[in-house]
Amino acid sequence: VANVVWSATPELMADTRHPIPSWSWGKGLNVESRFTGTMDYSSLLSVPAAMEYLQRWRSEEDESSVDYCHRRVLESSRLLAEAWGTADQLLPEELVATQAMVRLPPEL
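Residues numbered from 1 in each chain as written. Predicted model: local features only at pLDDT ≥ 70, side-chain atom pairs only at ≥ 80, totals over all residues. Heavy atoms only, no water.

1. Some thoughts on the pattern of salt bridges
Close approach of charged atoms allows side chains of opposite charge to pair.
So, step 1. As enumerated under the stated definition, the model contains seven salt bridges in all.
So, step 2. Across the pair E75 and R72 runs a salt bridge, and its minimum N-O distance is 3.2 Å. Highlighted residues: E75 and R72, both in helix α4 (residues 65-84), separated by three residues, approximately one helical turn.
So, step 3. Overall, the relative accessible area of 28% leaves E75 in the partly exposed class.
So, step 4. Here R78 makes a salt bridge to E93, at a shortest N to O gap of 3.3 Å. One end of the pair, R78, is in helix α4; the other, E93, is in the segment after α4, with 15 residues separating them in the sequence.
So, step 5. Each of E61, E63, R71, R72 and E75 takes part in a single network of salt bridges with overlapping partners. (Salt bridge = Lys/Arg side-chain N within 4 Å of Asp/Glu carboxyl O. Helix = DSSP H or I, 4+ residues; strand = E, 2+ residues; numbered from the N terminus. Buried < 20%, exposed > 50% of the residue type's maximum accessible area, 1.4 Å probe, protein only.)

So this is what it looks like as structure tokens:
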């Protein structure tokens, strides 16, 4: 597990906090990020099998998992944006990976 964080100034980095620290809250990002909150790291042993599965997986349309997820997030974000009347503010498709931001309706 690794964190890669860059900030423009040392002061900004000193004020940056981990969003969900398990331990050492308030001691700075470096210390807050050292411990995942569990002593059981056995789940990490499944990573090679999971990566192999994702590389082999194909959709019914013969898409890779990356292509399938990208297509589905675009479809879903478009449906939401159209339903909420904010379709004119969707991000360009090339800026979307597996999550998309959809503006909420102005009434909210």
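Now, onward.
2. Concerning unusual backbone geometry
So, step 1. Even without being glycine, D62 reaches a positive phi, approximately 65°.
So, step 2. Turning to its location among the elements, D62 is positioned in the loop between α3 (47-56) and α4.
So, step 3. On the accessibility criterion, D62 (52% relative accessible area) is exposed.

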